[in-house]
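This is what each chain is made of:
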Amino acid sequence: MVNQSFVPLDVQTDTTEGFRGRIRSRVLDELSIVEVSANGHRVLRTPSLISSADRLYYKLNLQLSGHGLLIQDNREASLRPGDLAVYDTHRPYTLGFESDFRTLVLMFPHEALDLPADAVGQLTAVRLPGDAGLGRMISPFMAQLAENLDALSGNSGQRLANNAVDLIATMFESELDARRETDAGSHPELLARIRRYIEANLGNPELSPAEIAAAHYVSTRHLHNIFAASGTTVASWIRARRLDHCRRDLRDPILADRPVGSIAARWGFLDAAHFSRIFRSSFGVPPSSYRRQDI
């Protein structure tokens, strides 16, 4: 049941008899919301299980009752009720519970989160307290999803799940901001500000490296060097963020009647043929087919 609800895992327990467990879940397009309540046990994501995976997912854990221990990337997070923690299914991890517990897990693909994987990698197996910072707002929201799991369906359920991912991205960005160097001129901080600027201006088809550089009082050459140091280019980053927003809008049932060309234009793609070509190159199918297919 665990493997069917998440990704393949090695499930272990010291209980020899009388084991009890319950799983309740909702699958909303590419997002899964799963409540698990059970006796103490542990799950392991091993390299051999990872090797057969063809999709990258993050899992966000909200501890509802009991205590858990998450281990990944040489870090350990001890989780109390209300605490949140993220882990990556594409790297080994262990999540264990010594005694009875209840937890909510939100599982979503990497591309659903508008943050680079290397940035999220800094937060895996890090306790995000539910009684401090943005956790005070996000933890209760997630807990309400668990309490109303049966009501999460259709368009409204999918919207709420997407809202949860947006809130998580905001919390992660806040946590990353707190970890970055305080020097506003340092590359990590400057790159973060530039990415936020790009995100806010994706709908502008005239968005260019020259404009971005001028808005941040740096040379275009320096802008390109900052992105090169992060392993990408300015143009590639803009294109990837635009495509991800288009992909998400195409799967949004609220926007089902909006033409593909209108969605593309909303995110800065004015040439419909060009948009169709690069969308197919990135996701394997034309945008109209992607909108119709079951994933």
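The sections below set out a description of the structure shown in this document. (Residues numbered from 1 in each chain as written. Predicted model: local features only at pLDDT ≥ 70, side-chain atom pairs only at ≥ 80, totals over all residues. Heavy atoms only, no water.)

**Describing the overall build of the protein chain**
So, point 1. Within the protein chain one finds twelve helices and ten strands.
So, point 2. Rg of the C-alpha trace for the protein chain: 20 Å, near the compact-globule value of 19 Å for 295 residues, within the 12% margin.
So, point 3. Partitioning the contacts of the protein chain with sequence separation of at least 6, the portion at a separation of at least 24 is 70%.
So, point 4. Counting only carbon and sulfur atoms, one obtains 51% of the accessible surface of the protein chain, whose full area is about 14300 Å².
So, point 5. Charge centroids of the protein chain, computed over 33 positive and 35 negative side chains, lie 3 Å from each other. (Helix = DSSP H or I, 4+ residues; strand = E, 2+ residues; numbered from the N terminus. Rg over C-alpha atoms; globule rule 2.2 N^0.38 Å. Contact = heavy atoms within 4.5 Å. Areas by Shrake-Rupley, 256 points an atom, 1.4 Å probe, with all protein chains shown as cover. Lys, Arg positive; Asp, Glu negative; His and termini not counted. Charge placed at Lys NZ, Arg CZ, Asp CG, Glu CD.)

**Examining the sheet that holds strand β10 (residues 101-109)**
So, point 1. Read across the open sheet, the five strands follow the order β2-β3-β10-β5-β8; overall the sheet is antiparallel. The open sheet has two edge strands with one neighbour each: β2 (21-28) and β8 (84-88). With strand direction ignored, the average angle separating the axes of adjacent strands in the sheet is 20°.
So, point 2. Contacts between helix α5 (residues 154-179) and the sheet are confined to β2, β3 (31-38), β5 (57-65), β8 and β10, with β10 contributing the most and set at about 90° to the helix. (Pairing = 2+ DSSP bridges. Axes fitted to C-alpha atoms, helices over the stretch in contact; angles between N-to-C directions.)

**Things to note about the pairing of strand β7 (residues 75-79)**
So, point 1. In this structure, strand β6 (residues 68-72) lies alongside β7, joined through five bridges in antiparallel fashion. Bridging across to β7, Leu69 finds its partner in Ser78.
So, point 2. Where β6 hands over to β7, the hairpin turn is made up of two residues, of which Asp73 adopts a positive phi near 55°.

**Observations concerning the nonpolar core**
So, point 1. Counting 34 residues, the largest nonpolar core has Ile33, Leu60, Leu106, Phe108, Met142 and Phe172 as the members making the most contacts within it.
So, point 2. Those elements that provide at least two residues to this core are β3, β5, β8, β10, α3 (117-120), α4 (135-147) and α5.
So, point 3. In terms of residue count, the dominant contributor to this core is α5 (eight residues).
So, point 4. The next biggest cluster of nonpolar side chains, apart from the first, holds 26 residues, and it includes Leu191, Val234, Ile238 and Tyr290. (Core = buried A, V, L, I, M, F, W, Y, C linked by side-chain atoms within 4.5 Å. Buried < 20%, exposed > 50% of the residue type's maximum accessible area, 1.4 Å probe, protein only.)

**Considerations on the environment of Ser78**
So, point 1. If you trace the backbone, Ser78 turns up in strand β7.
So, point 2. For Ser78 and Gly96, which are 18 residues apart along the polypeptide, the C-alpha to C-alpha distance reads 9.8 Å.
So, point 3. The residues contacting Ser78, other than those within four sequence positions of it, are Gly68, Leu69, Asp83 and Arg127.

**Let's talk about the sheet that holds strand β4 (residues 41-45)**
So, point 1. Strand order in the open sheet formed by five strands is β1-β4-β9-β6-β7, and the pairing between neighbours is antiparallel. One side of each edge strand has no neighbouring strand; the edge strands of this open sheet are β1 (10-12) and β7. Each neighbouring strand pair of the sheet contributes to a mean axis angle of 15°, computed without reference to strand direction.
So, point 2. One ladder, built from four bridges, connects β6 with strand β9 (residues 93-97); its direction is antiparallel. Paired with Leu70 across the two strands is Leu95, which belongs to β9.

**Examining the packing of α4 against α5**
So, point 1. At a minimum axis separation of 11 Å, α4 and α5 run at an interaxial angle of 155°. Judged on the interaxial angle alone, α5 and α4 are roughly antiparallel. Like other packed secondary-structure pairs, α4 and α5 cross with a definite hand, here left-handed. Residues Gly135, Ile138, Phe141, Met142 and Leu145 of α4 form the contact with α5, whose own contacting residues are Leu160, Ala164, Leu167 and Met171.
So, point 2. Considered class by class, the residues forming the contact of α4 with α5 number eight nonpolar, one polar and no charged. (Parallel < 35°, antiparallel > 145°, perpendicular 65-115°, else oblique. Left-handed = near helix turned anticlockwise from the far one by under 90°. Nonpolar A, V, L, I, M, F, W, Y, C, P; charged D, E, K, R; others polar.)

**Some thoughts on the pairing of β8**
Working note: regular strand, side chains alternate between the two faces of the sheet.
So, point 1. A large share of β8 lies buried, amounting to five of its five residues.
So, point 2. What you see with β8 is no split at all: Leu84, Val86 and Asp88 on one side and Ala85 and Tyr87 on the other are buried throughout.
So, point 3. Note: β5 against β8, five bridges, orientation antiparallel. Each residue of the ladder has a partner; that of Tyr58, found in β8, is Asp88.

**Some points on the packing of aromatic side chains**
So, point 1. Throughout the structure, instances matching the rule amount to eight aromatic pairs.
So, point 2. Aromatic side chains Tyr87 and Tyr93 sit 4.7 Å apart centroid to centroid with 65° between the ring planes, which places their arrangement in the edge-to-face category.
So, point 3. In this structure Tyr93 comes out as buried when scored by relative accessible area, which is 3%.
So, point 4. Relative to Tyr290, the ring of Phe283 has its centre 5.9 Å away and its plane inclined at 40°; by these criteria the two rings are tilted.
So, point 5. Each member of the aromatic cluster is reached from another via a ring pair, and the members are Phe269, Phe275, Phe279, Phe283 and Tyr290.
So, point 6. The ring of Phe6 has Lys59 lying over it, and the distance from NZ or CZ to the ring centre is 4.2 Å. (Phe/Tyr/Trp six-rings, centres within 6.5 Å; stacked < 30°, edge-to-face > 60°. Lys NZ or Arg CZ within 6 Å of the ring centre and 35° of its normal.)

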